[in-house]
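The lines below spell out each chain.
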Amino acid sequence: MKRWQLLLSKVEDRTMHPYKKQPDHAFWARAVGRVATTDVDPIVQPAFRIDKQTKIAAAGSCFAQHLARYLQLSGFNYMVTETPHPLIVEEISRKFNYGNFTARFGNVYTAKQLLQLFLRVFNEFSPAEDVWQGKNGRFYDPFRPQIQPNGYATLLEYTRDRERHFAAVREMFRTVEVFIFTLGLTEAWMSARDGAVYPLCPGVAAGTFDPALHQFKNFRLAEVVQDLGAFYGRLKELNPGAKMLLTVSPVPLVATAENRHVLQSTVYSKSVLRVACQELQESYDDIHYFPSYEIICGHHTKGMFFEDDKRSVAERGVDHVMGLFFKHYANIHVDFSKAAPSSPVVAACDCSESERLAQALCDEELLDS
């Protein structure tokens, strides 16, 4: 090699660095700044694929219900293990929250609540406070306070329905292939006696708040990671082939029990949950993350995917999230604006398709009712 060529190669070597070999998606200007908002796609390489035979189940915050509805509308094998009696009409079925999730467990907002659900259905944890009686004399489930409108008429009815519910949840855990869990909150209320975590503060939808029996808890990062890791370990013991796909709900907190602004509490909660997902994804082979939070909340969107209340995710936002989900995980394009309602949950609503898809059971809404 001639001397000038050697000198030139040394100069080139000095200008080389790891970023030179990075693809376009690694650079803000190329992946976000100079890209139309609806063309921003933060999913680089999905960890697995699904098809219409894959058994998929979902649980979590109210945002998780959108996943369920879109999977059903698109003809995928969304598991519903808890179904109403065949004679119950669709309108009543929806009123009693059948099909919102795989089983009728209502909102599961926190990692601890999910872990305790698993332990409860397999008789490894029995909360001391496991039934509430309302002023109307009817009975309510502390862990599903809105699942049964006006509660249960008798304790026997409540007990039998819970046994049926537990059986449905066990079936889900034993047979699911892809379990999607949407983390919603770090704030929770729990029993001071045994740490049982409720989806909603006692006294809001049912029960009676007692400061001696009920205490506030704001879970920290290490606790969320530990609880989800413990759940995942138990799930894999039971069902070795199961994968878990984590998402973080983009929906802000309705209210905070902390002595600070709700905006600060929202940022704390979502930050903890997002980092927890990353920690778990890097620690376990079959735990993966889907960036619905970034797709909706990234500041490049300028709030376009939220309704006027700056909290509710608009139908176009859910469309966008699910369009990217199907593109990467199923390798298909679905035009939801032309999809026909194919499930009792969706079909029972006397409203437009957009309104059907935007509806969700949300226990947390009662905090500011």
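Look a little higher up for the structure.
All figures in this text were calculated on a predicted structure; none of them were measured in a lab.

**Student:** Which parts of the structure should I look at to understand helix H7 (residues 221–238)?
**Tutor:** What sets the pattern is the α-helix's 3.6 residues per turn: residues three or four places apart point alike. Helix length check: H7, at 18 residues, gives a terminal C-alpha distance of 26 Å against a target of 26 Å (1.5 Å per residue), a fit within 8%. Taken residue by residue, H7 has Val224, Asp227, Leu228, Gly229, Phe231, Tyr232, Leu235 and Lys236 as its buried positions. On its buried face, H7 is in contact with helix H5 (111–121), helix H6 (155–175), strand S4 (178–183), strand S8 (243–248), helix H8 (262–283) and strand S9 (287–289).

**Student:** Is there a simple way to think about the sheet that holds strand S1 (residues 56–60) in this case?
**Tutor:** Sheets are built from strands that pair by backbone hydrogen bonding, the pairs being arranged parallel or antiparallel. Ordered in space as S1-S4-S8-S9, the 4 strands form an open sheet in which the pairing is parallel. Of all strands in the sheet, those bounded by a partner on one side alone are S1 and S9. For this sheet, the mean angle separating the axes of adjacent strands, direction not counted, is 25°. Where S8 meets S9, 3 bridges bridge the pair, whose relative direction is parallel. Directly across from methionine 244, in S9, lies its bridge partner isoleucine 287. Where H7 meets the sheet, its contacts fall on S4, S8 and S9, and the angle it forms with S8 comes to roughly 155°.

**Student:** Explain a nonpolar patch on the surface here, please?
**Tutor:** Nonpolar side chains collect at one region of the surface, where Val262, Leu263 and Val267 lie side by side and expose about 250 Å² of accessible area between them. Checked against the element boundaries, valine 262 lands in helix H8.

**Student:** I would appreciate a short explanation of the environment of asparagine 150 in the present structure.
**Tutor:** You can see asparagine 150 is positioned in the loop between strand S3 (139–140) and H6. Residue class for asparagine 150 comes out exposed when judged on its relative accessible area of 56%. Between the C-alpha atoms of asparagine 150 and alanine 206, which are 56 residues apart in sequence, the distance is 9.6 Å. With sequence-adjacent residues up to four places away left out, asparagine 150 is seen in contact with Asn136, Arg138 and Tyr140.

**Student:** Sorry if this is basic, but what is going on with the pattern of salt bridges here?
**Tutor:** It is possible for side chains bearing opposite charge to pair when their charged atoms get close. By the definition in use, this model includes 14 salt bridges. Residue aspartate 227 pairs with lysine 112 through a salt bridge whose shortest N-O separation is 3.1 Å. In this pair, aspartate 227 is assigned in helix H7 and lysine 112 in helix H5, connecting sequence segments 115 residues apart. Given a relative accessible area of 6%, aspartate 227 falls into the buried group. With relative accessibility at 22%, the residue lysine 112 sits in the partly exposed group. Between aspartate 130 and arginine 162 there is a salt bridge, with the nearest N and O atoms lying 3.2 Å from each other. Note that aspartate 130 is positioned in the loop between H5 and strand S2 (132–133) and arginine 162 in helix H6, a separation of 32 residues in sequence.

Scoring rules and cut-offs
- Residues numbered from 1 in each chain as written.
- Predicted model: local features only at pLDDT ≥ 70, side-chain atom pairs only at ≥ 80, totals over all residues.
- Heavy atoms only, no water.
- Helix = DSSP H or I, 4+ residues; strand = E, 2+ residues; numbered from the N terminus.
- Expected span 1.5 Å × (residues − 1).
- Buried < 20%, exposed > 50% of the residue type's maximum accessible area, 1.4 Å probe, protein only.
- Contact = heavy atoms within 4.5 Å.
- Pairing = 2+ DSSP bridges.
- Axes fitted to C-alpha atoms, helices over the stretch in contact; angles between N-to-C directions.
- Patch = residues over 30% accessible without salt bridge, like charges linked within 9 Å, V, L, I, M, F, W, Y side chains within 5 Å.
- Areas by Shrake-Rupley, 256 points an atom, 1.4 Å probe, with all protein chains shown as cover.
- Salt bridge = Lys/Arg side-chain N within 4 Å of Asp/Glu carboxyl O.

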